[in-house]
Amino acid sequence: MSDALRNREFRALWIAEAQSVLGDHLTTVALSIMVYNRTGSALWAAVVYALTFLPALAGGLGLAQIADRYPRKAVLVLSSATQALLVGGMAIPGMPLAPLCALVVLARLAGAPANAAQNALTREIFTDELYLRSQDLRGITANIAMLAGFGGGGLLVTSLGPSWALALDAASFVVAAALVQLCVRARPAAGDPGDGWFTAVRWVWGQRRLRALLALSWLVGLAVIPEGLAAPLADQIGASPQAVGWLLAADPVGFILGTFVLSRFVSAENRRRVMGLLATAAAAVLVGFALTPTLPFALLLLMLAGAAGAYIITVGATFITWVPNELRGGAGGVYRTGLRVAQGVGVALGGVVADLVGSATTTIALAGAAGVVLTIPVAVSWSRVRRTTP
């Protein structure tokens, strides 16, 4: 992974993304605290939290294609500058709730083209196996930033106040725009501005090998069910309320460790070969919750599931690699949107099942069993596709 950092362009993109991700998680915490303190309503706090995800789903299929129609460096710079202005507007003390919600939606929509441009541009920078290493580094960094943002966000917001926390996030986007402008070289637009808006979507669905990769990514929807049940899970296994944070952190920690091991010791071809096995293992580990584990055992199970779940980085990198450069922005939007939808549906479904069966551990075990059943045919399909793909 250190080899990837020797590239000046990628280093700038990596730093810009890392501090923006950290700022985004800080913003999520700040908005939740700000809205709850102002309204006293848990519903409003949840609504604003949901708004930070929904625009990414809508923008992933449409706005992501901007990264193909226009120069990707310009898309990144303009998107970051726009997000800086919108988040800066959120930071204004006393901002009414309705305009605040509108700014949240607009800021997330502005981020959709940036995410697509970042993914496609990184593939343009690296034309060899370093690309996969760069994605490993991005995955590890994003999870560390998530842990730091959620873990330290509450303390920082409490110390500085929500407005200052939002101002810091706005500043992070200014830094991101400056880094990309100064360190990333300009490239012409990869696609044609006259292309249809859903050309990439149609092309992806016409490719059997890409459909197999999408199916592998959607399986993550079952793996995130324990996150949505962290609080009732802690209560059921007799752990303290503080253990909720540990349960939420276990999967990302395992993911970081799993990514490091794969990046350090497994070649790109072997990683593609074992993706199906790792996807099955990530689900199978969750079946262990049928034993109603103690807290240490539950943390171990979640870490193992997270470590096996590191296969998703290879899935995403392979997907982008197999898409023509002129379609990578739009195709990346399809991939990211599907992943987000699967995660959202998984969390919601887990909550419904937990209410019906009255047990968080049973629900997680059922999710693991369902994951194994669904993963096996997908893994077989992927194995066939991989053998027939040059």
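For the structure itself, look to the data block above.
Heads up: these notes are all about the structure in this document. Since we're looking at a predicted model, the values are computed, not measured. (Residues numbered from 1 in each chain as written. Predicted model: local features only at pLDDT ≥ 70, side-chain atom pairs only at ≥ 80, totals over all residues. Heavy atoms only, no water.)

### Things to note about a nonpolar patch on the surface
Taken together, the side chains of L156, L160, W164 and L168 define a hydrophobic patch exposed on the protein surface, amounting to about 400 Å² of accessible area. Broken down by secondary-structure element, the contributors of at least two residues to the nonpolar patch are helix 8 (130–160) and helix 9 (162–183). Here W164 lies in helix 9. According to the relative accessible area criterion, W164 is exposed, its value standing at 60%. (Patch = residues over 30% accessible without salt bridge, like charges linked within 9 Å, V, L, I, M, F, W, Y side chains within 5 Å. Areas by Shrake-Rupley, 256 points an atom, 1.4 Å probe, with all protein chains shown as cover. Salt bridge = Lys/Arg side-chain N within 4 Å of Asp/Glu carboxyl O. Helix = DSSP H or I, 4+ residues; strand = E, 2+ residues; numbered from the N terminus. Buried < 20%, exposed > 50% of the residue type's maximum accessible area, 1.4 Å probe, protein only.)

### Some points on the packing of aromatic side chains
Enumeration over the complete set of coordinates arrives at four aromatic pairs. Note on W205 and W218: the rings are 6.1 Å apart at their centroids and 45° apart in plane angle, and the pair reads as tilted. Placement of the pair is W205 in helix 10 (residues 199–205) and W218 in helix 11 (residues 208–218), with a sequence separation of 13 residues. The partly exposed category is assigned to W218, whose relative accessible area is 35%. Summarising the aromatic geometry, the rings of F319 and Y335 are spaced 5.2 Å apart at their centres and angled 35° between planes, so their arrangement reads as tilted. With F319 in helix 19 (residues 311–321) and Y335 in helix 20 (residues 328–357), the pair connects residues that are 16 residues apart, well separated along the chain. Across the pair, Y335 and F319 agree in class, each one buried. One cation-aromatic arrangement involves R123 over Y131; the distance from NZ or CZ to the ring centre is 4.6 Å. (Phe/Tyr/Trp six-rings, centres within 6.5 Å; stacked < 30°, edge-to-face > 60°. Lys NZ or Arg CZ within 6 Å of the ring centre and 35° of its normal.)

### Notes on unusual backbone geometry
Even without being a glycine, T292 presents a positive backbone phi close to 50°. Note that T292 resides in the loop between helix 17 (275–286) and helix 18 (295–308).

### Digging into helix 7 (residues 97–125)
A rise of 1.5 Å per residue sets the reference length of helix 7, with its 29 residues, at 42 Å; its end C-alpha atoms lie 42 Å apart and thus fit the reference within 8%. With 21 of its 29 residues buried, helix 7 lies for the most part within the structure. (Expected span 1.5 Å × (residues − 1).)

### Re helix 18
With 14 residues, helix 18 extends 20 Å from end C-alpha to end C-alpha; this agrees with the ideal 20 Å at 1.5 Å per step. Restricting attention to buried positions, one finds in helix 18 the residues L295, A298, L299, L301, L302, A305, G306 and A308.

### Brief notes about the nonpolar core
Counting 59 residues, the largest nonpolar core has L213, L216, Y311, I312, V315, F319 and W382 as the members making the most contacts within it. The element contributing the most residues to this core is helix 19, with seven residues. When residues no more than four places from it in sequence are discounted, the contact partners of F319 are V204, L210, L213, L214, A331, G332 and Y335. Residues A230, L233, L302 and A360 belong to the second largest nonpolar core, which totals 25 residues. (Core = buried A, V, L, I, M, F, W, Y, C linked by side-chain atoms within 4.5 Å. Contact = heavy atoms within 4.5 Å.)

### Concerning the environment of A116
Within the element layout of this structure, A116 appears in helix 7. Classification of A116 by relative accessible area gives buried; the value is 4%. Measuring from C-alpha to C-alpha, the distance between A116 and N270 comes to 27 Å, with 154 residues separating the pair along the chain. Those residues within four positions of A116 in sequence are excluded, and the remaining contacts are A64, A67 and G329.

### Side note on a positive patch on the surface
On the surface, R208, R211, R384 and R387 cluster together into a patch of positive charge. If you list the elements that add at least two residues to the positive patch, you get helix 11 and helix 21 (360–388). If you trace the backbone, R384 turns up in helix 21. Overall, R384 belongs to the partly exposed group, its relative accessible area being 49%. (Lys, Arg positive; Asp, Glu negative; His and termini not counted. Charge placed at Lys NZ, Arg CZ, Asp CG, Glu CD.)

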